[in-house]
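The primary structure of each chain is shown beneath.
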Amino acid sequence: MLSVQTDTRLSIFEGLQVEELWTASRQLGFPSALWRLPHRNEIQLLISVRDGIRKCQPELEKLSPGFVVSNFHWETDQKVLFLEGDIILTFSDDNSIKDIENNVSEEHPDVIKLVTLATEIAKNANPHAYHNAIAINEFPDLNARDRFKRTVELAVSAIRQGQFKKVVLSRTKDLAYSENFQPAKAFCKLAKVYPHAFVSLVNLPDQNELWLGASPESLVRQDSNGTFRTMSLAGTQNARNDAGELIPKFDIRWGEKEIEEHALVSRYIVECFKKIRLREYTETGPKTVLAGNLYHLRTDFEVDTATLNFPELASVMLKLLHPTSAVCGVPKLPSLQFLTEIEGYDRSFYSGFIGPAQVGGDTNLFVNLRTVRFKDGKATFFAGAGITEDSIPEREWEETEMKCDTLLKVIAQEF
C-alpha cells in the first residue's frame, strides 16, 4: 500500500482533469464518486479499480478511506454499499490535481487503462460540443399532482387522529435525457451554484445508475481532530420573489407550521443524545440558511469526542439518527410505516445517507436530498415535504416542485 503522493509532477495523472478521469472511469465500469464538501473549493474523485462495490457495516471509525452509500430503508443490522478508495484525487479550483492517494500503484493494469482512456478523451474533447441534453418534457403522469395532494390529506387526517405528529411524504418527477448528457459537467455546474451544499456524483455500475445531488443536510460528520457535528434542517420557503430576485435573509418570516416542524427535528436529535446519556454538546440555532433557491431553518449540534474519549460517536449516532424526522417523521416507527404504505414507490437511495468516510481522516455523511437518478434514459428527480396537522396540500405540492427545480434549473439551463 502506497502513502499519499503530493508531488503530481511525478504522477501519470499529471495534466488530466476531473471530467476526463470521471468519464474514463465510468466507461471502464469502475465504481466512482465525485464530491465537493460545503464551503470548500476542492473537488475530490474516488475510483475503485479492484474489487468493485462491497457491502459492510458502517462502523465509520474502522473503515479504510472510501465512499458510503445507503438506501432509505436501512436497518442498523444491515450493510451499506462501500466504494473502496483505491484512487483518491483532489483537484484545486483551477481543475489541477492538488493531491493524490493511490493505494494500488501506477503500474496496476487498470490504472494504466484509466489514464490511457482519460488521455484519449482529453485529446478528442470538443469544447463546443452540445452537452446537457435533458428534455424539458416530462414522462406523462397527469394524476401526479392530485395523487400527492391526496396523500397529504390522508397524512393530515392521520396526524389529527393521533397516529403521529409529523410525516415526510415524497414523490418523483421523471424526465428524459440523451446519451449526450455529461454528468461531470452537470456536477461542476452544481458545485458552482450551490457552494453551501454537499454536491456529489456517484457511479454505481452494478445497479446501472448514476446519482447526482446537492444536499443541504449533514447527517453525521467527524473530523480527524474528533469534532462531531450534526444538524436539524426543516422548514422551507422560496428564496426568491415573483420577479426572481433573492429575498434578503432578514426579510424572511417563518410561520408556526415551519417553526414547529423544525423544532420536532431538533428535539429528535436531543433525544438521541439522551439515549446514550450524552450531555456535553453545543447547540446553535435555529437560523435561516440559504440552500439553492430555498431558505430553511437550521440548528447545529457539536460534540468534542476527543475530550469525551468517544471516537465511535459518529457510528453510534448514525444508527440512532437515521432516518431522521426531517425525512421520515415523528415518532419514527408509525410515520415510517405510514409513508412506506402511502407513497407507492421505492425511495431507493433518496433520503438515505451518502458521503466520504475516513478520507484524510474525516468522515462526512449527508442525507441524500435534492437528488436525481440517471438510469436507462430516464432522469428521476426526488423531493419531499414535511407534513404536520397545519399542512395545506397545494402548498406541499409546490414545495416539492421547488425542490425538484433546485437541480433541474441548473443541469438543464441550456434549454
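Look up a bit, the structure's there.
Model, not experiment: these values are computed from the prediction. Note that residues are indexed from 1 along each chain, following the sequence as it is written. At least 70 in pLDDT is required for a residue's local features to be given in this predicted model, at least 80 for side-chain atom pairs to be given and counted, and no such filter applies to totals for whole chains, interfaces and linings, which use all residues. To obtain the side-chain values, all non-hydrogen atoms of the structure were included, while hydrogens and water were left out.

J.: Outline the packing of aromatic side chains, listing residues and values.
T.: Centres within 6.5 Å make a pair out of two Phe, Tyr or Trp rings, where for Trp the six-membered ring is used; the pair is then stacked when the planes are under 30 degrees apart, edge-to-face when over 60, and tilted otherwise. Tallying each qualifying case throughout the model produces 15 aromatic pairs. With a centroid separation of 6.2 Å and 50° between ring planes, the pair formed by Tyr-281 and Phe-301 is classed as tilted. Of the two residues, Tyr-281 sits in the loop between α5 (256-275) and β15 (282-291) while Phe-301 sits in strand β16 (residues 294-304), which places them 20 residues apart along the sequence. Using a relative accessible area of 25% as the deciding quantity, one classes Tyr-281 as partly exposed. The buried category is assigned to Phe-301, whose relative accessible area is 1%. Following the ring pairs from residue to residue traces out a cluster consisting of Trp-211, Tyr-345, Phe-349, Tyr-350 and Phe-382. Residue placement shows Arg-347 over the ring face of Phe-72; its charged tip is 4.3 Å from the ring centre. Counting from the N terminus, the helices are the DSSP runs of H or I reaching at least four residues and the strands are the DSSP runs of E reaching at least two. Here the term buried applies to any residue with accessible area under 20% of the maximum for its type, exposed to any over 50%, and partly exposed to those in between, with areas from a 1.4 Å probe on protein chains only. Geometrically, a lysine NZ or arginine CZ counts as sitting over a ring once it is within 6 Å of the ring centre and also within 35 degrees of the ring normal.

J.: Explain the pattern of salt bridges residue by residue, including any values.
T.: Pairing between side chains of opposite charge can happen when their charged atoms approach one another. Should a side-chain nitrogen of Lys or Arg be within 4 Å of a carboxyl oxygen of Asp or Glu, the pair is scored as a salt bridge. Counted according to the given criterion, the structure contains 24 salt bridges. Notably, a salt bridge pairs Glu-396 with Lys-257, separated by 3.2 Å at the nearest N-O pair. Of this pair, Glu-396 sits in helix α9 (residues 393-411) while Lys-257 sits in helix α5; the two residues are 139 residues apart in sequence, bridging distant segments of the chain. Note on accessibility: Glu-396 and Lys-257 belong to one class, buried.

J.: Give me the pairing of strand β18 (residues 353-357): which residues, what numbers.
T.: Side chains on a regular strand alternate between the two faces of the sheet. The element β18 is extensively covered by neighbouring structure, given that 5 of its 5 residues are classed as buried. We treat two strands as partners when DSSP finds at least two bridges between them. Inspection of the sheet shows strand β5 (residues 66-69) paired to β18 by 4 bridges, in the antiparallel sense. From the neighbouring strand, Val-68 faces β18, where its bridge partner is Gly-355. Where β18 lies against strand β19 (residues 363-367), 2 bridges are found, and the strand directions are antiparallel. The residue of β19 that forms the bridge with Ile-354 is Phe-366. Counting the residues in the hairpin turn of β18 and β19 gives 5 residues, including Gln-358, whose phi is positive at 60°.

J.: Which residues make up unusual backbone geometry, and what are the values?
T.: Following Gly-285, the chain continues to Pro-286 via a peptide bond in cis, the omega torsion being 5°. Within the element layout of this structure, Pro-286 appears in strand β15. That bond from His-322 to Pro-323 is cis: its omega, -10°, falls within 30 degrees of zero. Residue position: Pro-323 is located in the loop between α7 (313-321) and β17 (329-330). A positive phi is found at Ser-348, a non-glycine position, where the angle reads about 55°. Residue placement: Ser-348 occurs in the loop between α8 (332-342) and β18. Overall, the relative accessible area of 14% leaves Ser-348 in the buried class. Of note, Asp-376 is a non-glycine position whose phi angle comes to about 55°, a positive value. By secondary structure assignment, the location of Asp-376 is in the loop between β20 (371-375) and β21 (378-387).

J.: Help me get a handle on the side chain of Glu-217, residues and values and all.
T.: Mapped onto the elements of the fold, Glu-217 is located in the loop between β12 (209-215) and β13 (218-222). Buried and without a salt bridge, Glu-217 has Arg-370 as its closest oppositely charged side chain, separated by 6.9 Å. What Glu-217 contacts, discounting residues up to four positions off in sequence, is Met-231, Leu-233, Thr-324, Ala-326, Phe-366, Val-367 and Leu-369. Only four residue types enter the charge count: Lys and Arg as positive, Asp and Glu as negative, with His and the chain ends excluded. The contact definition used throughout considers only heavy atoms, calling two residues in contact when any of these lie within 4.5 Å.

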